[in-house]
Amino acid sequence: MTKIASGTFLRVLLLVGGVVSHAHADTPLGEVNIELRGNVVDFSCYVEMGDENKTVQLGRWPTKQLRTAGSTTQSMPFTLKLNGCPPGAASITFSGKQATGNPGLLGLNESSGATNVAVELRDKDKTQLPLDQASQDVAVDINGNAVLTFFANYIALADNPLAGQANADATFMINYY
């Protein structure tokens, strides 16, 4: 189960009327009708300094490498280091602009000039990791640390993509169990 720090839940019943000649309360005056709820957690995983705004260089590739739809470039490795996690396991869920017609792939940002190209994220075993899907779990060590390894590469969305700058932006959420 993913642990989430939830905020306060406040429920207040307020009855407002225009001109009321007679009002009747369901509960006697002075009885509490506010319910407050929340959670207090021991741990909260955080990304090690330097990993929170990471740039992954995917390289410079000729269009002939991506000549046909589904062709990919070499996968480039990157890691995210977590600290302060509770005992158990952690994973990452990436999100971002989805590639048109390919919701699991990361679409290029607006400043990119390349067309018919997207970024494919891969898990530690190099299997495709679709956007909005949790990665494979990684064990948290006794010090509350975990290192998650990922890969990224370009993938052709159609035959003969056009060359140009090809940048994409992703955000991630830390899941811990």
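Provided above is the structure to which this section pertains.
So, here's what we can say about the structure. (Residues numbered from 1 in each chain as written. Predicted model: local features only at pLDDT ≥ 70, side-chain atom pairs only at ≥ 80, totals over all residues. Heavy atoms only, no water.)

A separate point is the pattern of salt bridges. Under the criterion given, the structure shown has three salt bridges. A salt bridge links Asp51 to Lys54, with the nearest nitrogen and oxygen atoms 3.2 Å apart. By relative accessible area, Asp51 is classed as buried at 8%. A residue is classified by how much of its surface remains accessible, and Lys54, at 34% relative accessible area, is partly exposed. The partner of Arg122 in a salt bridge is Glu120, with the nearest N and O atoms 2.7 Å apart. The residues Arg122 and Glu120 share a single accessibility class, namely buried. (Salt bridge = Lys/Arg side-chain N within 4 Å of Asp/Glu carboxyl O. Buried < 20%, exposed > 50% of the residue type's maximum accessible area, 1.4 Å probe, protein only.)

Here the focus is the environment of Ala168. Take Ala168: it is sitting in the loop between strand 10 (146-156) and strand 11 (170-176). Here the alpha-carbon distance between Ala168 and Ala118, two residues 50 residues apart in the chain, equals 8.0 Å. Apart from residues no more than four positions distant in its own chain, Ala168 is found in contact with Leu106, Gly107, Leu108, Asn109 and Val119. (Helix = DSSP H or I, 4+ residues; strand = E, 2+ residues; numbered from the N terminus. Contact = heavy atoms within 4.5 Å.)

So, on to the sheet that holds strand 5 (residues 89-96). Sheet strands associate in pairs through backbone hydrogen bonding, adopting either a parallel or an antiparallel arrangement. Spatially, 9-5-11 is the arrangement adopted by the three strands of the open sheet, whose pairing is antiparallel. Each edge of the open sheet carries a strand with a single partner, namely strand 9 (138-139) and strand 11. (Pairing = 2+ DSSP bridges.)

This part covers the state of the cysteines. The final tally for this structure, using the stated rule, is one disulfide. Cys45 shares a disulfide with Cys85; S-S distance 2.0 Å. Note on the Cys45 and Cys85 pair: the S-S dihedral is about 140 degrees, so by sign convention the disulfide is right-handed. Of this pair, Cys45 sits in the loop between strand 2 (35-37) and strand 3 (46-47) while Cys85 sits in the loop between strand 4 (76-83) and strand 5, and the two are 40 residues apart along the sequence. Like Cys45, the residue Cys85 is buried in the burial classification. (Disulfide = S-S within 2.5 Å.)

In short, the description is geometric, and any link to function would need to be established separately.
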